[in-house]
Amino acid sequence: MARHVSCDDIRTRFSSAMSDMYRTEVPQYGTLLKLVADINAQTLYHNTRGEDALTTRGGSEMARIEIERHGAIRLGTPGELHTMRRVFAVMGMSPVGYYDLAPAGMPVHATAFRPVTDEALARNPFRVFTSLLRLELIEDDDLRARAAAILERRQIFTDRLLTLLDRFDSEGGLNDEDATAFVIEALETFRWHSHATVDAETYHAFHQAHRLIADVVCFRGPHINHLTPRTLDIDATQQAMPEWGITPKATIEGPPRRNCPILLRQTSFKALEEPILFPADEGGKSGEESGTHTARFGEIEQRGAALTRRGRKLYDQLLAASRDATHGLEGEAQQRALRDAFLDFPDDETTLRREGLAWFDYQPNEGASVTNVAALPRDRGALVEALIEQDVIRARPITYEDFLPVSAAGIFRSNLGEGGAQQYAATDSRAEFEAALGAAVEDEFALYEQRSERSLSDCLAQLGLAPDA
Ligand code: OOG
Ligand code: NI
């Protein structure tokens with residue numbers, strides 16, 4: 001029997017093919033890649049934040065940084081989400097986390113498909129923020145029914161892709177030929193279509209209700225709306241963007257610049273106004289009509305340490321509290337106010353670790369050994385601290401692999417335009433989301449905790465300090 005290609009390989013082939021496709025579709029994305037590569041090289045050369053900006057196991061993060069991307073798509077129906085989970089499963093990507101964007105005025109909820117193990121993340125951490133339109137939030141009955149009918153009629157996956165998904169599910173993998181076909185077929189779902197599926201009037205009616213609704217409902221598929229490279233210095237990249245002919249949004253989302261980067265900082269360039277064609281009306285009285293649609297943009301991100309629940313709570317509190325101070329500010333002034341608002345968030349690795357605010361990965365230092373076992377503390381926390389102090393082991397922050405709902409809402413907003421801001425009531429729709437998905441989303445905190453715990457027990461075992469009970 002032909003051997004199966006590993007899910008990690010299929011993911012890498014797919015993300016590289018998608019990056020190539022997007023570069024052709026949106027040339028500014030290609031410019032952004034060059035700029036980020038340039039800044040990363042400079043940052044590493046000057047090493048001010050270079051290798052230290054790479055958290056977990058420096059070596060493997062260095063290898064992944066050049067290919068590291070995240071993307072985003074917006075789906076229309078529960079069935080689409082269900083099949084999309086099977087598509088990502090072929091690439092070793094699982095749904096992690098639940099993001100409700102309704103409180104931020106977006107009629108969608110979402111998850112992030114991504115690899116979850118140390119090994120798979122080190123190979124290629126490709127992630128896709130995947131939202132599902134919540135039709136029930138469209139107030140107008142008639143419009144809601146029209147949207148549902150249009151979405152019901154479309155098929156965003158090719159027949160061949162569906163056949164390959166069945167084969168993957170029944171045989172537990174794909175051989176090389178099928179893996180190649182899978183990448184080609186799956187890419188079709190993410191492709192841009194400049195022909196809308198509805199006439200101009202219908203498009204404008206959805207657009208009026210919410211720009212996001214028009215973007216999801218009026219096209220043949222869920223075009224990839226951005227692909228994001230990872231920068232080692234987002235402030236420098238943001239600053240350099242205009243010289244490269246790119247206009248960034250005014251403020252960087254997420255935490256302020258710090259000595260120990262935490263979570264995720266992001267900025268984007270504005271969505272392009274792209275020409276589209278509406279089909280001729282049904283009576284054939286008029287031919288194709290031209291128009292424009294803004295959806296696709298470019299984004300960059302800088303990743304820092306994953307926070308524990310406790311750290312995350314502090315982050316959410318400080319971010320909420322900062323809102324008054326940063327209100328109406330942009331650029332440097334906004335970042336300065338944000339920095340002040342975050343002074344209560346410890347900014348050295350030792351405190352972050354001792355106070356249980358961030359997750360760490362533990363490894364024995366090369367050639368290190370324990371000389372006097374009897375003299376070591378018995379309490380695990382104290383033991384770890386003693387071993388770090390004696391230079392026997394090294395702790396490094398674990399990289400945050402997920403997204404932030406407030407930042408995501410900021411990214412959505414800056415690319416959909418501020419007009420037509422909406423308020424939706426917060427309703428917990430996680431159960432509906434998971435029913436559509438056909439699975440529970442994984443808890444990101446539990447994943448980080450497992451990875452941290454495993455690294456610590458492996459590390460202690462390597463030093464002959466494995467707990468015997
Ligand atoms: C997704 C926006 C969220 C991020 O990086 O937070 C996102 C979208 O616009 O569809 O990609
Ligand atoms: Ni993004």
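In this report, we go over the structure that sits alongside the text.

What counts and how
Residues numbered from 1 in each chain as written. Chains lettered and ligands numbered in written order. Predicted model: local features only at pLDDT ≥ 70, side-chain atom pairs only at ≥ 80, totals over all residues. Heavy atoms only, no water. Donors = N, O, S within 2.8 Å, 3.2 Å for Na, K, Ca; no water. Buried < 20%, exposed > 50% of the residue type's maximum accessible area, 1.4 Å probe, protein only. Pairing = 2+ DSSP bridges. Helix = DSSP H or I, 4+ residues; strand = E, 2+ residues; numbered from the N terminus. Axes fitted to C-alpha atoms, helices over the stretch in contact; angles between N-to-C directions. Arc of directions from axis to C-beta. Contact = heavy atoms within 4.5 Å. Near = heavy atom within 4 Å. Polar contact = N/O pair within 3.5 Å; in protein donor to acceptor, adjacent residues only side chain to side chain. Areas by Shrake-Rupley, 256 points an atom, 1.4 Å probe, with all protein chains shown as cover. Phe/Tyr/Trp six-rings, centres within 6.5 Å; stacked < 30°, edge-to-face > 60°. Lys NZ or Arg CZ within 6 Å of the ring centre and 35° of its normal.

Below, the discussion takes up the coordination of the nickel ion (ligand 2). For the nickel ion (ligand 2), every protein donor is listed as His 70 (NE2), His 226 (NE2) and Glu 299 (OE), and the spread of their distances is 2.1 to 2.2 Å. Overall, the relative accessible area of 6% leaves His 226 in the buried class.

Next up on the list: the sheet that holds strand E4 (residues 127-133). Overall, mixed pairing links the five strands, which are arranged E2-E3-E4-E1-E5 in an open sheet. With partners counted over all chains shown, the strands left at the sheet margins are strand E2 (94-100) and strand E5 (226-229), one partner each. Strand-to-strand twist across the sheet, computed as the mean angle between neighbouring axes with direction ignored, equals 20°. One ladder, built from four bridges, connects strand E1 (residues 69-75) with E5; its direction is antiparallel. Among the inter-strand pairings, Gly 71 is bridged to a residue of E5, identified as Leu 227.

A word on helix H18 (residues 430-437). Listed as buried for H18 are Phe 433, Glu 434, Ala 436 and Leu 437. For H18, the angular spread of buried residues about the axis comes to 160°, placing them on one side. Among the exposed residues of H18, those pointing more than 90 degrees away from its buried face are Ala 431, Glu 432 and Ala 435. Against the buried residues of H18 lie helix H5 (78-90), E2, strand E3 (108-114) and E4. Following H18 by one or two positions, Gly 438 adopts a phi angle in the positive range, close to 80°.

Let us look at the site of ligand 1. Every residue near ligand 1 is listed here: His 70, Ala 72, Arg 74, Phe 129, Asn 225, His 226, Gln 266, Glu 299, Phe 403, Ala 408 and Phe 412. Note that an oxygen atom of ligand 1 is positioned 3.1 Å from one of the side-chain N or O atoms of Asn 225. Contact distances for ligand 1 include 3.0 Å between an oxygen atom and a side-chain N or O atom of Glu 299. Here ligand 1, which alone exposes 320 Å², has 100% of that area covered by the protein. Every element with two or more residues in the shell around ligand 1 is listed here: E1 and helix H17 (405-416). At three residues, the largest contribution of residues to the shell around ligand 1 is made by E1.

Let's shift gears to the packing of aromatic side chains. For the structure shown, the criterion picks out 13 aromatic pairs. With centroids separated by 5.6 Å and ring planes inclined at 35°, the aromatic side chains of Trp 192 and Phe 219 adopt a geometry described as tilted. Of this pair, Trp 192 sits in the loop between helix H9 (176-190) and helix H10 (200-209) while Phe 219 is found in the loop between helix H11 (211-217) and E5, placing the two residues 27 residues apart along the sequence. The buried category is assigned to Phe 219, whose relative accessible area is 1%. Through a chain of ring-to-ring contacts, the aromatic side chains of Phe 14, Phe 88, Phe 113, Phe 126 and Phe 190 assemble into a single cluster. Geometry around Phe 403 places Arg 303 over its ring, the cationic atom sitting 5.7 Å from the centre.

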